[in-house]
Amino acid sequence: MPTSMRVMELVRFGAADTAFAARELPRPTPGPGEVLVRVLATSVNPLDLQTRRGDYRDQVALPAVIGNDVSGVVVETGPGADDFRPGDEVWYLAPMFTGRGTYAEFHVVDQALAARKPARLSHVEAAGLALVGVTVWEALVERAGLRVGERVLVHGGAGGVGSAAVQLARAMGAEVVTTARARDHEFVTGLGADVAIDFSAGDYVPQVRALGGVDVVLDTVGGDTLTRSPEVLADRGRVVSIVDIPEPQNLLAAWGVNATYHFVFAGPGRAKLAALGRLVDRGGLRPVIGAVLPLSDIAQAHTLLEGGSAGEGRGRPRGKIAVAVHPLDEPPRRTTSSP
């Protein structure tokens, strides 16, 4: 096994094309209760963009390896790490803002944060689902308490979080309304949306009100979209947002419908991944991968997520942007039962 590893390190805050540098770092060694994982795939998320731009500069000391999603294979276990053996396929979220992120060939993690990769998912798919899946699970299941027969509005149904949210809400027996560009309407209805609204063609609020309002709003956009959420809520509706709030919100309209607000910043953990894995195995959830790039092209992956020129004029891809780290046929594979 090599004693060093290739990483794409964040060396300065700012634009994607100047922020990263390829480096060789010592391969980490697992400590007590930890496992060393050969990272086969990771992905990029809006959190990565914010970190790269410097939004969390007080929590990230440069140079740093960032990234949070992992799908890979255990290659070594530390003392007392008895849940896994070398060769086990795992997926997980890395703890955030540690500087020990996933844009790397190897990664060490506490075994309690890892789960066995669902057999139905490739490593690229698993890496694309980890953070968005946990976020959506916490948003709709744990925070909103979405119930069978309720109506939910998912903003940005063609995106990484939105595409997972549409599927999860459908699997929970909810009626799903989503906003998406007209060109993506067939795509989101194929995921399970009952109604698709073109957010680029005008005000979405009257169209949602014409349906009778919604019980839950999942906000993936922020800004004016979040501010106007109570205008489409039924009485005692719930709003769940995964977006930072840089400015105060006027909640007078929310007061008028007895609304409840939740703000989600999802963290790592095995239980949510295991629940998502069971849903995947039942065929109720499948990650949408819009693009796969090599680790060396991490800057381009960031640009794609931002909808820049790397998207060949089409904007950001649907679903998630995954990053292939190691050749995906390289390690031995073993898929066993829980954890």
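Worth saying up front: this structure is predicted, and the values here are computed from it rather than measured.

About the criteria used
Residues numbered from 1 in each chain as written. Predicted model: local features only at pLDDT ≥ 70, side-chain atom pairs only at ≥ 80, totals over all residues. Heavy atoms only, no water. Phe/Tyr/Trp six-rings, centres within 6.5 Å; stacked < 30°, edge-to-face > 60°. Helix = DSSP H or I, 4+ residues; strand = E, 2+ residues; numbered from the N terminus. Buried < 20%, exposed > 50% of the residue type's maximum accessible area, 1.4 Å probe, protein only. Expected span 1.5 Å × (residues − 1). Pairing = 2+ DSSP bridges. Axes fitted to C-alpha atoms, helices over the stretch in contact; angles between N-to-C directions. Contact = heavy atoms within 4.5 Å. Salt bridge = Lys/Arg side-chain N within 4 Å of Asp/Glu carboxyl O.

**Q** Would you explain the packing of aromatic side chains in this entry?
**A** To describe a pair of aromatic rings, you give the distance between the ring centres and the angle between the ring planes. Inspection of every chain in the model, using the stated rule, returns 4 aromatic pairs. Ring centres of Phe-97 and Phe-265 lie 6.3 Å apart, and the angle between their planes is 20°; on these two criteria the pair is classed as stacked. One end of the pair, Phe-97, is in the loop between β5 (89–93) and β6 (106–110); the other, Phe-265, is in the loop between β13 (260–263) and α9 (270–281), and 168 residues separate them in sequence. Judged by its relative accessible area of 26%, Phe-97 falls in the partly exposed class. Phe-265 gets classed as partly exposed once you look at its relative accessible area, which sits at 48%. By way of ring pairs, the aromatic residues Tyr-56, Phe-97 and Phe-265 are connected into one cluster.

**Q** Even after reading the chapter, I still don't get α9, so can you show me in this structure?
**A** The α-helix winds at 3.6 residues per turn, so residues separated by three or four positions along the chain end up facing the same way. A rise of 1.5 Å per residue sets the reference length of α9, with its 12 residues, at 16 Å; its end C-alpha atoms lie 16 Å apart and thus fit the reference within 8%. Every buried residue of α9 is accounted for by Arg-270, Lys-272, Leu-273, Ala-275, Leu-276, Gly-277, Leu-279 and Val-280. Gly-283 lies just past α9 and shows a positive phi near 85°.

**Q** Would you mind going over the sheet that holds strand β12 (residues 233–241) with me for this structure?
**A** Strand pairing in a sheet relies on backbone hydrogen bonds. The paired strands run either parallel or antiparallel. Across the sheet, which stays open at both edges, the 6 strands sit in the order β10-β9-β8-β11-β12-β13 with parallel pairing between neighbours. In this open sheet, the two strands that pair with only one neighbour each are β10 (195–197) and β13. Between one strand axis and the next, the sheet turns by 15° as a mean value, whatever way the strands run. As defined by bridge partners, strand β8 (residues 151–154) adjoins strand β9 (residues 175–179) across 4 bridges and the pair is classed as parallel. What sits directly across from Arg-151, in β9, is Glu-175. In this fold helix α3 (residues 123–143) packs onto β8, β11 (214–219), β12 and β13, with an angle of close to 155° to the strand it touches most, β11.

**Q** What is the right way to look at helix α2 (residues 46–53) in this model?
**A** With 6 of its 8 residues buried, α2 lies for the most part within the structure. Turning to α2, its buried residues are Leu-47, Asp-48, Leu-49, Gln-50, Thr-51 and Arg-52. The inward-facing, buried residues of α2 contact β1 (4–10), α1 (16–19), β2 (20–26), β3 (34–44) and α10 (298–305).

**Q** Got a minute to help me understand the pattern of salt bridges in this structure?
**A** A side chain of one charge can pair with a side chain of the opposite charge when the charged atoms of the two come close. Tallied over the entire structure, the rule returns 22 salt bridges. Note that Glu-125 is salt-bridged to Arg-286, the shortest N-O span being 3.0 Å. Here Glu-125, found in helix α3, pairs with Arg-286, found in the loop between α9 and β14 (289–294); they are 161 residues apart in sequence, far enough to count as distant. On the basis of relative accessible area, Glu-125 is assigned to the buried category, the value being 15%. Between Glu-150 and Arg-147 there is a salt bridge, with its nearest N and O atoms 3.0 Å apart. When salt bridges with common partners are traced through the structure, they connect Glu-138, Glu-142, Arg-143 and Lys-272 into a single cluster.

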